Amino acid sequence: VAVGYLVADFETWNLQYSTLTDKAADDFETIPGLAESWEESNDGLTYTYTLREGLLWSDGEPLTAEDVAYTINRSRDEEWYNHFSTVENIEAVAIDERTVEITSSVPDPKLPTMDVYIVPKHIYETLETYEDVESYDGMDGVSSGQYRLVDWRSGQDWTMERNPNWWGRDNGIDRIVFRLFTNADAMAAALQRGEIDAAHNVATNSVEQLEADPDIVVVPGLQGGFTELAMNGGEGGI
């Protein structure tokens, strides 16, 4: 969770780890996640979140405010790549098992949204250094999200199965297998043969062929990205 850059990384994390709050798809309004409600202080710097009752990790351990505070504070102190920009100015305190207080040292336009992935304290506290966190593969499958990672074959595929302690709605899907394709034509052919249910980043020259297939729905769109121009990037000051 600390390091990753690709769409596939975030797709897996979104299924494996819940966040304290989430964003609505239509207008990005802050909506409940692990927290069912929250209150803002008069000065707008502190938010107090109340977690859902009876939350459990997939291994049966209680998921509490301690997990939330631990995630925020450790990721801030160690500057975890995918957390630090959100938690840099934030301190978290667990008031009790279901209540966590988050205080920002500066007015923060992101709050009350807190959508960094919450990690299991009882697992991560065995990872003593940030280097240990970076090398953690998640194969113990401890999850707070809808699915947990159960198998991974480098360069081939990874498999996720339903988290028995998932707190959200049931979508009726017990198992998801992500396959990697190095050949775009092979991916399109697998889709047409019904070997896979969905494909991302389909090659342009396959779109027309797939659109003509009555059993396939093609959804066009643009993947977000950016172009960067740097002078002496990474060099120290002169």
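Residues numbered from 1 in each chain as written. Predicted model: local features only at pLDDT ≥ 70, side-chain atom pairs only at ≥ 80, totals over all residues. Heavy atoms only, no water.

Residues spaced three or four apart along an α-helix point in a common direction, a consequence of the helix completing one turn every 3.6 residues. Compared with the 20 Å implied by 1.5 Å per residue over 14 residues, the 20 Å span of helix α2 (residues 65-78) between its first and last C-alpha is a close match. With 11 of 14 residues buried, α2 is to be regarded as a mostly interior element. Those residues of α2 that fall on the buried side of the exposure criterion are A65, D67, V68, A69, Y70, T71, I72, N73, R74, S75 and R76. (Helix = DSSP H or I, 4+ residues; strand = E, 2+ residues; numbered from the N terminus. Expected span 1.5 Å × (residues − 1). Buried < 20%, exposed > 50% of the residue type's maximum accessible area, 1.4 Å probe, protein only.)

A grouping of D59, E61, D137 and D140 is seen on the molecular surface, where their side chains present a negatively charged patch. With respect to the helices and strands, the residue E61 is situated in the loop between β4 (46-51) and α2. Among the residues examined, E61 registers a relative accessible area of 38% and is labelled partly exposed. (Patch = residues over 30% accessible without salt bridge, like charges linked within 9 Å, V, L, I, M, F, W, Y side chains within 5 Å. Areas by Shrake-Rupley, 256 points an atom, 1.4 Å probe, with all protein chains shown as cover. Salt bridge = Lys/Arg side-chain N within 4 Å of Asp/Glu carboxyl O. Lys, Arg positive; Asp, Glu negative; His and termini not counted. Charge placed at Lys NZ, Arg CZ, Asp CG, Glu CD.)

Right, let's get into the sheet that holds strand β9 (residues 175-179). One open sheet holds the 3 strands; their spatial order is β7-β8-β9, and the pairing between them is antiparallel. Since the sheet does not close on itself, it has two edges, and those belong to β7 (147-153) and β9, each with one partner. Going across the sheet, the axis of each strand differs from the next one's by a mean of 20 degrees, ignoring polarity. Seen against the sheet, helix α1 (residues 7-16) touches β7, β8 (157-162) and β9 and runs at an angle of roughly 15 degrees to β8. (Pairing = 2+ DSSP bridges. Axes fitted to C-alpha atoms, helices over the stretch in contact; angles between N-to-C directions. Contact = heavy atoms within 4.5 Å.)

One number sums up the size of the largest pocket: a volume of about 1500 Å³. What lines the largest pocket is a set of 45 residues, among which A8, E11, T12, W158 and F178 lie closest to the centre. Put simply, the parts of the chain that give the lining of the largest pocket at least two residues each are α1, α5 (130-135), β7, β9 and α6 (184-193). In terms of residue count, the dominant contributor to the lining of the largest pocket is α1 (8 residues). The residue inventory of the lining of the largest pocket, partitioned by class, reads 29 nonpolar, 9 polar and 7 charged. (1 Å grid on protein atoms, 1.4 Å probe; cavity = no way out; pocket = protein on both sides within 12 Å on 5 of 7 lines; lining within 4 Å. Points joined across faces, edges and corners; volume = space filled by probe spheres on them. Nonpolar A, V, L, I, M, F, W, Y, C, P; charged D, E, K, R; others polar.)

Attention shifts here to the sheet that holds strand β6 (residues 99-104). Taken in spatial order, the 4 strands of this open sheet run β3-β4-β6-β5, and their pairing is antiparallel. Two strands lie at the open edges of the sheet, namely β3 (35-40) and β5 (90-96), each paired on one side alone. Adjacent strand axes in the sheet meet at a mean angle of 20 degrees, parallel and antiparallel pairs treated alike. Pairing of β3 with β4 involves 5 bridges; the strand directions are antiparallel.

Membership of the largest hydrophobic core comes to 35 residues, with the highest contact counts inside it found for L20, Y49, I72, V100, I102, M114 and Y124. Elements with a minimum of two residues in this core: β4, α2, β5, β6, α4 (121-124) and α5. It is α2 that contributes the most residues to this core, 5 residues altogether. Residue contacts for I102: discarding those within four places in its chain leaves L20, L45, T46, Y47, Y49, I72, I90, E91, A92 and M114. A188, A190, L191 and I196 belong to the second largest nonpolar core, which has 7 residues in total. (Core = buried A, V, L, I, M, F, W, Y, C linked by side-chain atoms within 4.5 Å.)

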